[in-house]
Amino acid sequence: RSNRMILVVNKKGAEIIAERDYITHISYPFSISPAFLKMNLNTTLEKSIETVREIVEICDKTKKHPVIYISMAFGNTYGDEWSIEILFKWINILYRMGVRTIPLSNVSIEINSAQIKEIFSGLIPLFPEVRFGLHLHTTNRDWYENVNAAYEKGCRRFDAVIHGWGGCPMSGKELLGNLKTENLIEFNNRNHLPLNLNPDALEQTYTLASFIFH
């Protein structure tokens, strides 16, 4: 059975998606930045964590998997206090709520391999039951070293987007896009990592994406 994930921004959305049998994962864009939550979801940190709690409960009842993203996980450009200790504190809160899949995103901050290694090398041993991921916004210049840094420290879940299209409208950096699907495939091929891809379906996806976005 293929995994299919839908992102929701509130309890109502989760309830609607939970009724779809073909959806296996329900995701939510949580953030440890109050300013980002206000701009991105028009909500507060307190209301957002309550939404996470509601989504986890809905997933438990409907046998879905909650995937809780942490935006601004590698720093903050909006003046909110940020530290690795704060990040770890909120991950521990999510863990105690029952979340076991937590992708980290840099969104509007250009990060380097050293920062990625520092965070994943601390998190993965501390929370061995959690499947951490990387939702990377990157330039074409340094995508490989950033992906490699996360992989070296044990990250095995990576988000990628066809041609890198889309991304967060608050980034303010035109060159900072989503990690491209073709780049992630290249990373796997260069490192001789197995891929379970249907080439015909992948080609159809490229064609459909080009039709939609052009």
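Everything below is about the structure shown above.
To keep things clear, this report deals only with the structure shown in the data block.

The rules behind each value
- Residues numbered from 1 in each chain as written.
- Predicted model: local features only at pLDDT ≥ 70, side-chain atom pairs only at ≥ 80, totals over all residues.
- Heavy atoms only, no water.
- Axes fitted to C-alpha atoms, helices over the stretch in contact; angles between N-to-C directions.
- Helix = DSSP H or I, 4+ residues; strand = E, 2+ residues; numbered from the N terminus.
- Left-handed = near helix turned anticlockwise from the far one by under 90°.
- Contact = heavy atoms within 4.5 Å.
- Nonpolar A, V, L, I, M, F, W, Y, C, P; charged D, E, K, R; others polar.
- Buried < 20%, exposed > 50% of the residue type's maximum accessible area, 1.4 Å probe, protein only.
- Arc of directions from axis to C-beta.
- Polar contact = N/O pair within 3.5 Å; in protein donor to acceptor, adjacent residues only side chain to side chain.

**As for the packing of helix α4 (residues 84-96) against helix α5 (residues 113-126)**
Next, step 1: The N-to-C vectors of α4 and α5 enclose an angle of 35°; their axes lie 12 Å apart at closest approach. Judged by the twist between their axes, the crossing of α4 over α5 is right-handed. Residue-level contacts link Ile84, Leu87, Phe88 and Ile91 of α4 to Glu118, Ile119, Gly122, Leu123 and Leu126 of α5.
Next, step 2: Tallied by class, the residues present in the contact of α4 with α5 amount to seven nonpolar, one polar and one charged.

**Here we look at helix α1 (residues 11-18)**
Next, step 1: Turning to α1, its buried residues are Gly13, Ala14, Ile17 and Ala18. The arc that holds the buried residues of α1, viewed along the axis, is 130°, so those residues lie on one side.
Next, step 2: Lining the buried residues of α1 we find β1 (5-7), β2 (25-31) and α3 (45-62).
Next, step 3: Capping the start of α1 is the job of one residue whose side-chain oxygen sits 3.4 Å from the backbone nitrogen of lysine 12: asparagine 10.

**Description of the environment of alanine 14**
Next, step 1: By the secondary structure assignment, alanine 14 is in helix α1.
Next, step 2: Alanine 14 sits 42 residues away from valine 56 along the chain, and the two C-alpha atoms are 9.5 Å apart.
Next, step 3: Alanine 14 has contacts with Val8, Ile26, Ile55 and Ile58, leaving out every residue within four places of it along the chain.

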